[in-house]
Amino acid sequence: MTLSKKVFVKSYGCQMNVYDSARMAEILAPLGYRPVDAPDSADLIILNTCHIREKAAEKVYSDLGRLKPIKSERGARIAVAGCVAQAEGEEVLRRAPYVDMVFGPQTYHRLPEMVARVERGAGAVLDTEFPPEPKFDHLPAAEGMSPVSAFLTIQEGCDKFCTFCVVPYTRGAEYSRDVAAVEAEARSLVARGAVELTLLGQNVNAYHGRDDGGAVIGLGELLRRLARIEGLARLRYTTSHPRDADEALIAVHADEPKVMPFLHLPVQSGSDRILAAMNRDHTAKDYRQLVGRLRRARADLALSSDFIVGFPGESEADFAATLELIRDLHFASAFSFKYSPRPGTPAASLDHQVPEPVKDERLQVLQALLREQQDAFNRQSLGRVLPVLFEKPGRHPGQIVGRTPYLHAVHAEAPESWIGTVRDIRLVALGGNSLAGEPITDPERISA
Ligand code: 5AD
Ligand code: SF4
């Protein structure tokens, strides 16, 4: 079939959205749509949005404003998908009446019908249901090459109800895909060239999928089963809740070398008072002990985390406790945010909201400490030999780029035939966003 129409999908926010965006592009291929990487020439523009913080949500409205002329000049169709669509569907159509389709993360498998309706001129579509049929049962099997490092959604939604977070409202109740469906998708990705899989879920270690025998298995066992796939070299998972890291998951870090020694395990705060107000259901000590157990299981494990500063009621002492936890545990990387009150979440209506300038200052102090730790971690990798999975050609001729187990980007002079393979690389210099590496064996000899 000729793909005569063009679709541009822009992802905001988390990796789940990146995965969903790729699936949307795949669903549209049978309708004649080919993905393009800019909106200017597209016939259909999909903004796959994020509602996690106010800034992310507002960005969508400013982008829509910029797209309006493309719509009026060329008649391109515009769709708003994802969590802003789910949370504020009607509001999107009110603020941007030229939008043609608004649909949430759970209904994009219905895209063909929605597009057909809009193409018939039957008016704007709003679909923010949580449908009874899981969308995964209705997504077509993917075709074509997959990237060397591919995402695979295994779990969606969240039942944790942290008091700051919109996810339980926008993504809905927790849902785990069946083991057979996950395995089939994993095998298909590997058959099409993936060497690394990152299992995705809003709360991925809450995974409890049913296998063919009817047994319910957790993430630890799922990782073990996926690790048996030949040709698959690396497994990762994100993002996790400390409460759901069980013995089986810790054990798989100890004895399954395909599971990478790098873990994103958000703690949010180091203060027990704030953790309780956030409804995180664990203390700072629980988190420290969990990190201890993980590091005993895998001595070279590095950690990453999310932090929120300025949660309602956060005192100087609470903030100091967060800094202390960071100093004690050391993080190889981290994301940190000022608390952003989200409509409909319990924390938004709490008293003692922290003034903006105080949040600003705390964020600066926190980020300086985290940057110091990240720099130290990167410096400490210099001179070391680490396995690098090469993913694609680099910016300069003769160069290829890949990642270490710790997700450092590495560029090296090496043959393109190394793409899709893991090689031992000595890290020799720190650049702006990547490390320079040198093969420890002669590339000519190996590729011959
Ligand atoms: N304000 C600030 N940060 C938030 N996060 C989630 N909700 C909010 C909010 N209302 C952060 C948390 C979470 C990450 C994905 O986004 O740190 O782990
Ligand atoms: Fe949100 Fe994560 Fe808490 Fe779930 S566990 S409510 S996704 S922060």
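**Concerning the overall build of the protein**
For the protein, the count of helices and strands is 13 helices and 21 strands. Its C-alpha atoms put the protein at 65 × 60 × 50 Å along the principal axes. Long-range contacts, defined as pairs at least 24 residues apart, comprise 72% of the intrachain contacts of the protein with a sequence gap of at least 6. Carbon together with sulfur atoms contributes 52% to the accessible area of the protein, which is approximately 19,800 Å² in total. Charge centroids of the protein, computed over 54 positive and 59 negative side chains, lie 2 Å from each other.

**Some remarks on the site of ligand 1**
Ile52, Arg53, Phe164, Gln268, Asp306, Ile308, Phe337, Lys338, Tyr339, Ser340 and Arg342 make up every residue found near ligand 1. One of the side-chain N or O atoms of aspartate 306 is found 2.6 Å from an oxygen atom in ligand 1. For ligand 1, whose unbound accessible area comes to 400 Å², protein coverage reaches 86%. Listing elements by their share of the shell around ligand 1, those giving two or more residues are strand S15 (302–309) and strand S16 (333–338). Of the residues contributing to the shell around ligand 1, the split by class is 5 nonpolar, 2 polar and 4 charged.

**So, the site of ligand 2**
Close to ligand 2 lie Cys158, Lys160, Phe161, Cys162, Phe164, Cys165, Val167, Pro168, His241 and Arg280, which account for all nearby residues. Its residues placed into classes, the shell around ligand 2 shows 7 nonpolar, 1 polar and 2 charged.

Conventions used here
- Residues numbered from 1 in each chain as written.
- Chains lettered and ligands numbered in written order.
- Predicted model: local features only at pLDDT ≥ 70, side-chain atom pairs only at ≥ 80, totals over all residues.
- Heavy atoms only, no water.
- Helix = DSSP H or I, 4+ residues; strand = E, 2+ residues; numbered from the N terminus.
- Contact = heavy atoms within 4.5 Å.
- Areas by Shrake-Rupley, 256 points an atom, 1.4 Å probe, with all protein chains shown as cover.
- Lys, Arg positive; Asp, Glu negative; His and termini not counted.
- Charge placed at Lys NZ, Arg CZ, Asp CG, Glu CD.
- Near = heavy atom within 4 Å.
- Polar contact = N/O pair within 3.5 Å; in protein donor to acceptor, adjacent residues only side chain to side chain.
- Nonpolar A, V, L, I, M, F, W, Y, C, P; charged D, E, K, R; others polar.

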